[in-house]
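Single-letter residue listing:
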Amino acid sequence: MTWTIVLAGASGYGATYVREIAELEARGLVRLVGLCDLQPLDGDARRQFGDRALDARLDRLLAETRPDLAVVATPIHTHLPLGRQVLEAGSHLLLEKPPAPSAAEWQEILTLARSRQLSCQVGFQSLGSGAYARLAELMAAGKLGEIRGIGCYGAWSRDAAYYRRAAWAGRRELNGVPVADGALTNPFAHAVATALALDGSTGWDDIADLETELLRVRDIQVDDTSCLRLRTARGTVITVAVTLAARTPAEPVIVVHGTQGRAELHYTRDLLVLDGQSEHHGRISPLRNLLTHLDQGAPLQCDIASCGAFTRVLEHINATPAPRLIGERWLAHESDGPQDRIHIPGVEAAVRASAERLATFAELAEPWAV
Ligand SMILES: NC(=O)c1ccc[n+]([C@@H]2O[C@H](COP(=O)([O-])OP(=O)(O)OC[C@H]3O[C@@H](n4cnc5c(N)ncnc54)[C@H](O)[C@@H]3O)[C@@H](O)[C@H]2O)c1
């Protein structure tokens, strides 16, 4: 069947959907009936879909086009208002991650989707990776032995321009509404969600306790260098140590420490390393999986209901005092101007050590963290 679709948010990350929808349309799987954006379409979107309905108001576009489903790839604080319009119009929803900037908003979208009997997929694309599925299967079958813990490390670099690109970038809140654009809740949200999913701990009540160390190197409201440690209800310790202030960026890794084996999931690369042996896998995108779900009843990779534990982490971070600014003496600056980069010398080793030892930055006695 050919599903009719509307896309809200056509540039930024939405450009990924512009490309994917064009491919799916060429194969007759979807037909894009409208785009919603506050800005005029950029070159790529105009070339692909310049002939389609374009409206800055999603509710009006939905009323005109009555799509089967809508993708919402707009800033985090618009997810609830736009997602609500989609569900109230009777369309299935694919919502970008994180699904919402607060627990109350997540709950409202979930309740609305359930009451309307509509599907709501969340765009945690790492959960559609064959590498993730294989590792989850091995863990569930006890092939790694008892799981001693799951540690994730990530070290990226974001320059000053990254935080200037949008009014919501680096914000906890904007005009009184929560945004939650911290390192753990946005850029490295996949790490948190994927580690929880590997443990089978995706529900709100699946977390027994959690602690965070939230730090920042810039004049922003949120954390850019962070360590999360939690214990799930089944007793697994999970740590996620990340930074956006690395000198030498590298793709993030989730390390599963089992009594009979060690696995490394490179979740952005669909790569699984099992006791030193590499396996490369493919992936099914959140949109493709949603279509298969609607067509054939395949389970959703990331139903909004399975973002409960992730949202509990996010809510905990929202309630934590503002991240602490790391002292200037621990920082190095690469240049001035819009490309200004700040890094914490040694942070790459620190996040890695956290994942290996399931330790916090303070326990590792990182001088910039204590
Ligand atoms: N899955 C991933 O790997 C991934 C990666 C990056 C971003 N994201 C997510 O994608 C979403 C968008 O992030 P971004 O950085 O592209 O944001 P952005 O600020 O670049 O905005 C994306 C688009 O939405 C439009 N827009 C903004 N407000 C709108 C509104 N009220 N109605 C209609 N259109 C609106 C903007 O004009 C822009 O074209 C966020 O939820 C983000 O967390 C996901």
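Please refer to the structure placed before this passage.
This write-up is about the structure you can find in this document. As the structure is a computational prediction, the values presented were derived from the model and not from experiment. (Residues numbered from 1 in each chain as written. Predicted model: local features only at pLDDT ≥ 70, side-chain atom pairs only at ≥ 80, totals over all residues. Heavy atoms only, no water.)

### Things to note about the overall build of the chain
When you go through the chain residue by residue, the secondary structure sums to 11 helices and 19 strands. Compactness check: the chain gives a C-alpha radius of gyration of 20 Å against a globular reference of 21 Å for 370 residues, within 12% of the reference. With the principal axes as the frame, the chain shows a C-alpha extent of 60 × 50 × 35 Å. Counting every position in the chain, which comprises 370 residues, the buried fraction comes to 58%. For the chain, the proportion of contacts with a sequence separation of at least 24, taken over those separated by at least 6, is 70%. Surface summary for the chain: the accessible area is close to 15,100 Å², and the carbon and sulfur share equals 49%. Side-chain charges in the chain split into 37 positive and 45 negative, and the spacing between the mean points of these groups amounts to 1 Å. (Helix = DSSP H or I, 4+ residues; strand = E, 2+ residues; numbered from the N terminus. Rg over C-alpha atoms; globule rule 2.2 N^0.38 Å. Buried < 20%, exposed > 50% of the residue type's maximum accessible area, 1.4 Å probe, protein only. Contact = heavy atoms within 4.5 Å. Areas by Shrake-Rupley, 256 points an atom, 1.4 Å probe, with all protein chains shown as cover. Lys, Arg positive; Asp, Glu negative; His and termini not counted. Charge placed at Lys NZ, Arg CZ, Asp CG, Glu CD.)

### Side note on helix α6 (residues 130-140)
Among the residues of α6, those classed as buried are Ala131, Tyr132, Leu135, Ala136, Leu138 and Met139. Burial along α6 is one-sided: seen end-on, the buried residues are contained in an arc of 160°. More than 90 degrees from the buried face of α6, the exposed residues found are Glu137 and Ala140. Buried residues belonging to α6 abut β7 (147-157), α8 (189-198), β13 (245-258), β14 (261-266) and β15 (271-274). The N-terminus of α6 is capped by Ser129, whose side-chain oxygen sits 3.1 Å from the backbone nitrogen of Ala131. Backbone geometry just after α6 places Gly142 at a positive phi near 75°. (Arc of directions from axis to C-beta. Polar contact = N/O pair within 3.5 Å; in protein donor to acceptor, adjacent residues only side chain to side chain.)

### What to know about unusual backbone geometry
Here Lys97 and Pro98 are connected by a cis peptide whose omega angle stands at -15°. Assignment of secondary structure puts Pro98 in the loop between β5 (92-95) and α5 (103-115). With phi around 55°, Asp270 is a residue other than glycine that occupies positive phi space. Position of Asp270 relative to the elements: it lies in the loop between β14 and β15.

### Quick look at the site of the ligand
The immediate surroundings of the ligand are formed by 26 residues, with Ser11, Tyr13, Asp37, Lys97 and Trp168 found nearest. Side-chain polar atom of Ser11 to an oxygen atom of the ligand: 2.7 Å apart, as the coordinates give it. A distance of 3.0 Å separates a nitrogen atom of the ligand from a polar atom in the side chain of Glu96. For the ligand, whose unbound accessible area comes to 850 Å², protein coverage reaches 83%. Taken together, the residues that form the shell around the ligand break down as 11 nonpolar, 11 polar and 4 charged. (Near = heavy atom within 4 Å. Nonpolar A, V, L, I, M, F, W, Y, C, P; charged D, E, K, R; others polar.)

### Some words on the sheet that holds β13
The 9 strands are arranged β16-β15-β14-β13-β7-β12-β11-β10-β17 in an open sheet whose pairing can be described as mixed. Unpaired on one side and paired on the other, β16 (277-280) and β17 (324-325) mark the two borders of the sheet. In the sheet, β13 pairs with β14 via 5 bridges, with the strands oriented antiparallel. Paired with Val256 across the strands is Ala263, a residue of β14. Contacting β10 (207-216) and β11 (225-232), helix α10 (residues 308-319) crosses the sheet at an angle of about 50° to β10. (Pairing = 2+ DSSP bridges. Axes fitted to C-alpha atoms, helices over the stretch in contact; angles between N-to-C directions.)

### Thoughts on the pattern of salt bridges
Counted under the stated rule, the structure contains 17 salt bridges. Of the charged contacts in the structure, one is a salt bridge between Arg60 and Asp55, with a shortest N-O distance of 2.8 Å. Of the residues examined, Asp55 reaches a relative accessible area of 10% and is grouped as buried. In this structure, the salt-bridge partner of Arg341 is Asp159, at a minimum N-O distance of 3.8 Å. Linking Arg341 in the loop between β18 (332-333) and β19 (342-343) with Asp159 in the loop between β7 and α7 (160-164), this pair joins segments that are 182 residues apart in sequence. (Salt bridge = Lys/Arg side-chain N within 4 Å of Asp/Glu carboxyl O.)

### Examining the packing of aromatic side chains
When we look at a pair of aromatic rings, we describe it by the centre distance and by the angle of the planes. With the rule as written, the count across this model stands at 6 aromatic pairs. Considering the side-chain rings of Trp156 and Phe188, the 4.3 Å spacing of their centres and the 20° angle between planes classify their relative orientation as stacked. Of this pair, Trp156 sits in strand β7 while Phe188 sits in the loop between β9 (177-178) and α8, and the two are 32 residues apart along the sequence. Take Trp156 and Phe188: they sit in the same class, and that class is buried. Seen from their ring centres, Tyr162 and Tyr163 are 4.9 Å apart, and the 90° between their planes marks the pair as edge-to-face. Its relative accessible area of 17% is what places Tyr162 among the buried residues. When the ring centre of Tyr162 is taken as origin, the NZ or CZ atom of Arg158, which lies over that ring, is 5.2 Å away. One residue, Arg165, lies across the ring of Tyr162, its end atom 4.6 Å from the ring centre. (Phe/Tyr/Trp six-rings, centres within 6.5 Å; stacked < 30°, edge-to-face > 60°. Lys NZ or Arg CZ within 6 Å of the ring centre and 35° of its normal.)

### Considering the sheet that holds strand β1 (residues 3-8)
The strands that make up a sheet pair up through hydrogen bonds in the backbone, lying either parallel or antiparallel. Spatially, the 6 strands line up as an open sheet ordered β3-β2-β1-β4-β5-β6, and their pairing is parallel. Two strands close off the open sheet at either side, each with one partner strand: β3 (53-55) and β6 (120-122). Averaged over all adjacent pairs, the angle separating strand axes in this sheet is 20°, with direction ignored. Across 6 bridges, β1 lies against strand β2 (residues 30-36) in parallel orientation. By the bridge assignment, Ala8 is partnered in β2 with Cys36.

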